[in-house]
Amino acid sequence: MASENKSGSKQWNGITGSEALMHALIAEGVETIFGYPGGQIMPVFDKLYDFKHELNHILVRHEQGAIHAAQGYARVKGFPGVVIVTSGPGATNVITGVADAMVDSTPLVVITGQVPSNLLGTDAFQETDVLGVTLPITKWSYQIRRPEDIAWAVARAFYIASSGRPGPVVLDFTKDAQIGKIDFAYEKCNFIRSYIPKNEINKEQILSAAKLINGSKKPFVVYGQGITLSHAEEELKRFLNKAGIPAGSTLLGLSALPSDFKHYKGMLGMHGNIGPNVKTNECDVLIAIGMRFDDRVTGPVSTYAKQAKIIHIDIDAAEIGKNVPVNIGILGDAKEVLSQLIEHIDKNNHDSWENEFDKCYQIEKDRVIDPEISPKSEYINMGEVVHVISEATGNNAIVVTDVGQNQMFGARYSSFNKSRSLITSGGLGTMGFGLPAAIGAKIAAPERQVCFFVGDGGIQMTIQEFGTIMQEKTGVKIIILNNSWLGNVRQWQEMFFGERYSETRLVNPDFIALAKAYGIAGRKVTCREELKPAIDEMLADDRPFVLDVNVVENGMVMPMIPPGKGVTEIMLNSKEWYDNGK
């Protein structure tokens, strides 16, 4: 029974650390937990039994599934995903997801069980140095050894995970702290003296940036996930509309602007659109917002945007000037920085400059896009499948991808009307990410259609999560782009390794029979005539569904900037280079 203490906060007397954790999670607004029980976290799961009406626990089939599901949930919800697993192998099984979340700025609170304090350092059964493993790949890792530290640690964990540049936090929870008794009260954290999540924006830098923008003839905005994380979608639109500036998105920035937005010119990067890549090396002012100049966007930095004055806006001071030298670095939240910039930029248009992007797009449409989505051959293309599904959903689905060719086709041939509509593993490129992430995305937004594109290789990395779908009846649509290859590696082997196809050919199971075994509806598509009826069947209701599509075996993701080449050195196919339309 709770009472009020002198400060007016609820207080529970004589409860266990495990119960205190439940009250802390509820106080932070947690509704869903992804996890898997085990020996050293059993007191927490025992207490969770008493809170099943307040906390919805999703029992996954592998701890990696828990953390990727939490990532998908967090990316859609904009709220930290919560994971609870046991010690030792349970903890180490989430490490890939922790690293993935760190590089992709995904807020997570991961709670791992740990052996009792008196056994730490003894190599006890299922003991692992979780702090030692996770410190380099988290925003904060902390070991709770006393029940008295639970309120302090959990409050800090949620504050650190969700503020500033978001990221994962790990709390390692010893078993004696879980069962120890305390008088418990909880207060949220909103300040840590040594931690500054947002800096005060430098007004002089705002004025200097506005002056550069106002004087530019060929300005170009490149933006990333920072727009979504700071909820700056509307500010970005206002900024682009007022200044008349074209914009290109990183992979993780996709859907922050609607695909049909006037100034949106496409995706940057190795398999991005021609215009945004080529024009990066022709603009006179490059305005980078909430992106980190990843090598897949820049290519060799020695040839990247050398002609341009570069303005970099980012909430993380470590990113400004890290990879690409900048002329003006503005440290701050993208929403706040854009709001201030809008006041100081001139109303303008750069129609002739924007038309240059449109000319590039027309070349790409004629030479790459149309042949991909309207092939003349009898074989189904990956991009064709993605395009048809995007149109069938009215471009309103949450698109989840795994990693590989399916990821690039999913990004290139989906269109978006709403923000937070592309969920993919960006910086780490984790195969197996997609299936559990799609489960998490659907749980976060049950009212939205979730379409998950995956290769026949990636689906088998976490296919045990079919069991989670079966148990939770999670209505994800799983589209297997099945070419019997590890397609992305095969593409590189064909283009750069003399067609030496080493260990990339796959012998696959019957995915529809597997789905049926888990109670999931499915359909196999072997020819074009079957595609549209099968998609209609898949989207007809909110049941989970597996669509296994036989696609062309030697399909290529194009255009492509080969590794080591600059952003203007683009291949239209495996033999033909982009020549500026000549």
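As a reminder, the structure under discussion sits directly above these lines.
The structure displayed is predicted, hence computed values, not measured ones.

Glancing now at the nonpolar core. Ranked by size, the top nonpolar core spans 98 residues in total, and within it Val221, Tyr223, Phe239, Leu286, Ile289 and Ile479 carry the most contacts. Per-element accounting of this core gives the leading share, seven residues, to helix 15 (residues 351–373). Counting contributing residues per domain, this core is built from domain 2 (203–356) and domain 3 (378–550), each supplying no fewer than three. Residues contacting Leu286, with those up to four places away along its chain left out, are Phe220, Val222, Thr280, Phe293, Tyr304, Ala305, Ala308, Lys309, Ile310 and Ile311. Ala74, Val94, Val454 and Ile459 belong to the second largest nonpolar core, which has 49 residues in total.

On to the packing of aromatic side chains, then. Any two aromatic rings considered together are summarised by their centre-to-centre distance and by the angle between their planes. Under the definition given, this model contains 14 aromatic pairs. Taking 5.1 Å as the distance between ring centres and 80° as the angle between the ring planes, the aromatic pair formed by Trp353 and Phe357 counts as edge-to-face. Of the two residues, Trp353 and Phe357 both sit in helix 15, four residues apart, roughly one turn of that helix. Grouping residues by exposure puts Trp353 and Phe357 together as buried. Ring centres of Trp485 and Tyr501 lie 5.3 Å apart, and the angle between their planes is 65°; this geometry places the pair in the edge-to-face category. With Trp485 in the loop between strand 19 (477–482) and helix 20 (487–496) and Tyr501 in the loop between helix 20 and helix 21 (511–517), the pair connects residues that are 16 residues apart, well separated along the chain. An aromatic cluster is built from Trp12, Phe184 and Tyr186, whose rings are joined through pairwise contacts. Across the ring face of Tyr49, the terminal group of Lys52 is positioned such that the distance to the ring centre comes to 4.1 Å.

This next bit is on the sheet that holds strand 6 (residues 108–114). The strands that make up a sheet are held in pairs by hydrogen bonds between backbone atoms, and each pair lies either parallel or antiparallel. Strand order in this open sheet of six strands is 4-3-5-6-8-7, and the pairing throughout is parallel. Where the open sheet ends on each side, the last strands, each with one partner, are strand 4 (56–59) and strand 7 (140–144). Averaged over all pairs of adjacent strands, the angle between their axes in this sheet comes to 20°, without regard to strand direction. Both strand 6 and strand 8 (residues 168–174) contribute to a ladder of seven bridges, which runs parallel. Looking at strand 8, one finds that Val110 is bridged to Val170. Helix-sheet contacts for helix 5 (residues 95–103) involve strand 6 and strand 8, and the interaxial angle to strand 8 is about 145°.

The rules behind each value
- Residues numbered from 1 in each chain as written.
- Predicted model: local features only at pLDDT ≥ 70, side-chain atom pairs only at ≥ 80, totals over all residues.
- Heavy atoms only, no water.
- Core = buried A, V, L, I, M, F, W, Y, C linked by side-chain atoms within 4.5 Å.
- Buried < 20%, exposed > 50% of the residue type's maximum accessible area, 1.4 Å probe, protein only.
- Helix = DSSP H or I, 4+ residues; strand = E, 2+ residues; numbered from the N terminus.
- Domains from an automatic or database assignment.
- Contact = heavy atoms within 4.5 Å.
- Phe/Tyr/Trp six-rings, centres within 6.5 Å; stacked < 30°, edge-to-face > 60°.
- Lys NZ or Arg CZ within 6 Å of the ring centre and 35° of its normal.
- Pairing = 2+ DSSP bridges.
- Axes fitted to C-alpha atoms, helices over the stretch in contact; angles between N-to-C directions.

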